[in-house]
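Inside the fold
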Amino acid sequence: MKEFYKKIKHPDESKHSKALQILKYIGQDGSEKDINFELFAAQNFNINSSFNKLFSFLSLQNKPVKIIEIGTFKGGLTVILDTFAKAHNLDYSLCTYDITDKLISKDVKEIFEELKVELTIKDVFSDDGKEIIDLISNPDYITVLFCDGGKKAEEISKFSKSLKTGDVILGHDYGFDAQEFQKKEWNAYELSFSQVASAYNSSNLRFLFKDLMEDSVWFCARKTNPVGKTLQILTVCNEPYVDIMMNLIVSLETYHPEVPVKMLSLNLSDESKKRFRYHSNISFIDDTYSDFKNFEEERAYCESCRTWNTKNILSETCSDVFYIDGDVYLEDNVYDLLQFFEYTDFCARIKIDNPLRFNAGMIYVKNTPDNFKIIEEWERETRKHGWVWLSAQNELGNVLERHKEKVVVKTFPKKFDGIDTNPETVLVHMKGPQKKKR
Ligand SMILES: C[S@@+](CC[C@H](N)C(=O)[O-])C[C@H]1O[C@@H](n2cnc3c(N)ncnc32)[C@H](O)[C@@H]1O
């Protein structure tokens, strides 16, 4: 999108020393059009990367998008947002609010009209925010709310309450704290994390594309639900599994980039890790154990190590853990599953009820003291076998059979059961030696 706007130096260096001049936009007919008058946006050039990432993510969500901007100012960012939406083929509509239109020229209003951008001149707080709240709450689309008005922290605090699960909220002139902000190419520091921390927690927000967004001085978070708020995904990979694992990593980045992924990396090369960094929220737990007699032992170790790595996350964080095998992938978001997990201690695909037998390819564990003890027992029993294929899966059955009266153990609902022949499931466990996507 470089050629659509350029970086300019403001004559008053102390104010908007780095801002953008908009040169082109994409018309309703899809053609590029020149802007032959001066139109500026008070934005850092790094939005080129961060908004590309955001809009490409939005375009993959199988749902229309409503873009709302608070703070039209001269209309520069509005035109940029519309151009990003068109460049990414979004099914969207865009509306923008400002308390005054004194800086919005006739030329800009004509572009808005052509682009069907809805401009509303009002104080967004005037009706206790009802107009914006009604727009946000509409279930027919994903809302993306850009808070760039006069009181960014208040805008985020007030309007985040009405977001739907999966919606996105942003706030401009942001630095996580003063120290972080100093590193950015920007002067106006109007928003810090501490100002929105309470809204972040109470509205179940989670950072989205955190580093990229912060480089463009935007706060950006996605609304999730109580389980989604602290969940961590765990997976395990060794070198022969890298290509298969890429399906999981790409699909997690497509549908849940806000959920951190921890990958147990068994002797993975730097090259492979680089490929997995496609995910914006991945970290590695390096494991260099290599005392294997043969490939079968290494494979069995990879199967067993989910037990102690789940335990470690439970003990080191407040997060619940969702372990997912590398040959699973997502075809859509799994927010309804996270909702289902809320009143569940353990979830795994039950193959036999009595005695309990599971497929251990996907295991959810809620972080409670009792569940932690059960996971410790699972690890202990698994280790007794040494590196034997399916010892973790069998011991999951044995251990939960002993504790099933004390904890809530559930199987996956049909929409998420992983079975590749079930057309309803959006979590797919690839089967067979080919491990192909369906
Ligand atoms: C920093 S500027 C927006 C910059 C613009 N988004 C851009 O990137 O070029 C803030 C704008 O918010 C508007 N504003 C301030 N308080 C507002 C309110 N309560 N409701 C609506 N707009 C407001 C101001 O009039 C001003 O135009």
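Quick caveat: nothing in here was measured; it's all calculated off a predicted structure.

**Looking at the overall build of the protein chain**
When its secondary structure is counted, the protein chain shows 16 helices and 24 strands. For 438 residues, the compact-globule estimate of 2.2 N^0.38 gives 22 Å, and the C-alpha radius of gyration of the protein chain, at 24 Å, lies within 12% of that figure. Considering only C-alpha atoms, the protein chain reaches an extent of 75 × 45 × 45 Å along its principal axes. By residue count, 44% of the 438 residues in the protein chain fall in the buried class. Within the protein chain, residue pairs in contact and separated by at least 24 positions form 66% of the contacts whose partners lie at least 6 positions apart.

**Things to note about the nonpolar core**
Nonpolar side chains tend toward joint burial in soluble globular proteins. Membership of the largest hydrophobic core comes to 61 residues, with the highest contact counts inside it found for Leu 145, Ile 169, Leu 170 and Cys 220. With six residues, helix H2 (residues 76–87) is the single largest residue contributor to this core. The residues contacting Leu 145, other than those within four sequence positions of it, are Ile 68, Ile 136, Phe 159, Ile 169 and Leu 170. Membership of the second largest hydrophobic core comes to 58 residues, among which are Leu 266, Phe 346, Tyr 364 and Trp 378.

**A short note on the site of the ligand**
Around the ligand sit 19 residues in total, of which Gly 71, Phe 73, Leu 77, Gly 149 and Gly 150 are the nearest. Within the residue set of the shell around the ligand, elements represented by two or more residues are H2 and strand S7 (92–98). When the residues that make up the shell around the ligand are grouped by side-chain class, the tally is nine nonpolar, six polar and four charged.

**Quick word on the packing of helix H13 (residues 306–316) against helix H15 (residues 369–384)**
Direction vectors running N to C along H13 and H15 enclose 155°, while the axes themselves pass 9 Å from each other. Classed by the angle they form, the pair H13 and H15 counts as roughly antiparallel. Crossing of H13 against H15: the hand is left-handed. Facing Thr 307, Trp 308, Thr 310, Lys 311, Leu 314 and Ser 315 of H13, the residues of H15 in contact are Phe 372, Ile 375, Glu 376, Trp 378, Glu 379 and Thr 382.

The rules we used
Residues numbered from 1 in each chain as written. Predicted model: local features only at pLDDT ≥ 70, side-chain atom pairs only at ≥ 80, totals over all residues. Helix = DSSP H or I, 4+ residues; strand = E, 2+ residues; numbered from the N terminus. Rg over C-alpha atoms; globule rule 2.2 N^0.38 Å. Buried ≥ 20, exposed ≤ 12 C-beta atoms within 10 Å, placed from the backbone. Contact = placed C-beta atoms within 7 Å. Core = buried A, V, L, I, M, F, W, Y, C linked by C-beta atoms within 7 Å. Near = placed C-beta within 6 Å. Nonpolar A, V, L, I, M, F, W, Y, C, P; charged D, E, K, R; others polar. Axes fitted to C-alpha atoms, helices over the stretch in contact; angles between N-to-C directions. Parallel < 35°, antiparallel > 145°, perpendicular 65-115°, else oblique. Left-handed = near helix turned anticlockwise from the far one by under 90°.

On their own, these measurements won't tell you what the molecule is for.
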